[in-house]
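Coordinates in review
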Amino acid sequence: MQESEFHIDQIIELIKEQESERLDLIEQLEKSDRKKWIRQPYIRFVSAERPNQPGSEWQFDENIVLEHKTEGTIVLDILKDGRIGGIEFVSQIKD
């Protein structure tokens, strides 16, 4: 049976393995107050109110796609200022 919690250390390890040059993301996650969360499709770190609009905190820049052996595809939403806006667990998305 799968644990109900997901730990941030698992994301850090994936970045180290698959995107090792992204030390900025590793550092952000290591400093994050959120170290674990209940499994869900999306974990938001930044408000997405009025995305990509002037004055909005959410200014999208790129996605980083990671592959986890049991979780499947995990997508990091990276904002223009380099922060992680959120983490999407594709396998958790229900149609």
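As a starting point, this report considers the structure included with it. Each chain carries its own residue numbering, running from 1 in the direction its sequence is written. Only residues with pLDDT of at least 70 are given local features in this predicted model, and only at 80 or more are side-chain atom pairs given and counted; all residues enter the totals for whole chains, interfaces and linings. In computing side-chain properties, one takes all heavy atoms of the structure into account and sets aside hydrogens as well as water.

As for the environment of I84
Every helix listed is a DSSP run of H or I at least four residues long, and every strand listed is a run of E at least two residues long, numbered separately from the N terminus. Relative to the assigned elements, I84 resides in strand β6 (residues 84–89). Only protein chains enter the accessibility calculation, which uses a 1.4 Å probe. A residue is then buried if its area is under 20% of the maximum for its type, exposed if over 50%, and partly exposed in between. Since its relative accessible area comes to 4%, I84 is described here as buried. In this structure, the C-alpha to C-alpha distance between I84 and N63, residues 21 residues apart in sequence, is 9.5 Å. By definition, residues are in contact when any of their heavy atoms lie within 4.5 Å. When neighbours within four sequence positions are excluded, I84 is seen to be in contact with L25, Q28, L29, F45, V46, D77 and I78.

Notes on the nonpolar core
Core analysis: the largest hydrophobic core is formed by 19 residues, its most contacted members being I11, I15, L66, I74, L76, I87 and F89. Counting only elements with at least two residues in this core, the list comes to α1 (8–18), α2 (23–31), β4 (60–68), β5 (72–79) and β6. For this core, the element with the most residues is α1, which contributes 5 residues. Apart from residues lying up to four places away in sequence, L76 is in contact with I11, I15, L25, E62, N63, I64, L66, G86 and I87. In this description, a nonpolar core means a group of buried Ala, Val, Leu, Ile, Met, Phe, Trp, Tyr and Cys residues linked to one another through side-chain atoms lying within 4.5 Å.

What to know about the pattern of salt bridges
Pairing between side chains of opposite charge can happen when their charged atoms approach one another. By convention in these notes, a salt bridge is any Lys or Arg side-chain nitrogen within 4 Å of a carboxyl oxygen on Asp or Glu. Going through the model one piece at a time under the given rule, you end up with 8 salt bridges. A salt bridge links K36 to E5; the shortest N-O distance between them is 3.7 Å. Of this pair, K36 sits in strand β2 (residues 36–38) while E5 sits in strand β1 (residues 5–7), placing them 31 residues apart in sequence. By relative accessible area, E5 is classed as partly exposed at 26%. A salt bridge links E71 to R39, with the nearest nitrogen and oxygen atoms 2.4 Å apart. Taken together, the positions of E71 in the loop between β4 and β5 and R39 in the loop between β2 and β3 (42–44) put the pair 32 residues apart, joining distant regions of the chain. Exposure remark for E71: the relative accessible area of 3% places this residue in the buried category. Through salt bridges with shared partners, a single network forms among R22, D24 and E62.

Focus: the packing of α1 against α2
Where α1 contacts α2, the two axes come as close as 10 Å, and the packing angle between them is 170°. By the angle between their axes, α1 is roughly antiparallel relative to α2. Crossing of α1 over α2 shows left-handed handedness. Between α1 and α2, the contacting residues are I8, I11, I12, I15 and K16 on the first element and L25, I26, L29 and E30 on the second. Partitioning the contact of α1 with α2 into residue classes produces 7 nonpolar, no polar and 2 charged. Only C-alpha atoms enter the line fits that serve as axes; for helices the fit covers just the stretch in contact. Angles between N-to-C directions range over 0 to 180 degrees. With respect to orientation, any angle under 35 degrees is reported as roughly parallel, any angle over 145 as roughly antiparallel, any angle of 65 to 115 as roughly perpendicular, and every other angle as oblique. Helix crossings are classified by the rotation of the near helix relative to the far one: an anticlockwise turn of less than a right angle makes the crossing left-handed, while a clockwise turn makes it right-handed. Here the term charged refers only to Asp, Glu, Lys and Arg, the term nonpolar to Ala, Val, Leu, Ile, Met, Phe, Trp, Tyr, Cys and Pro, and the term polar to all other amino acids, Gly among them.

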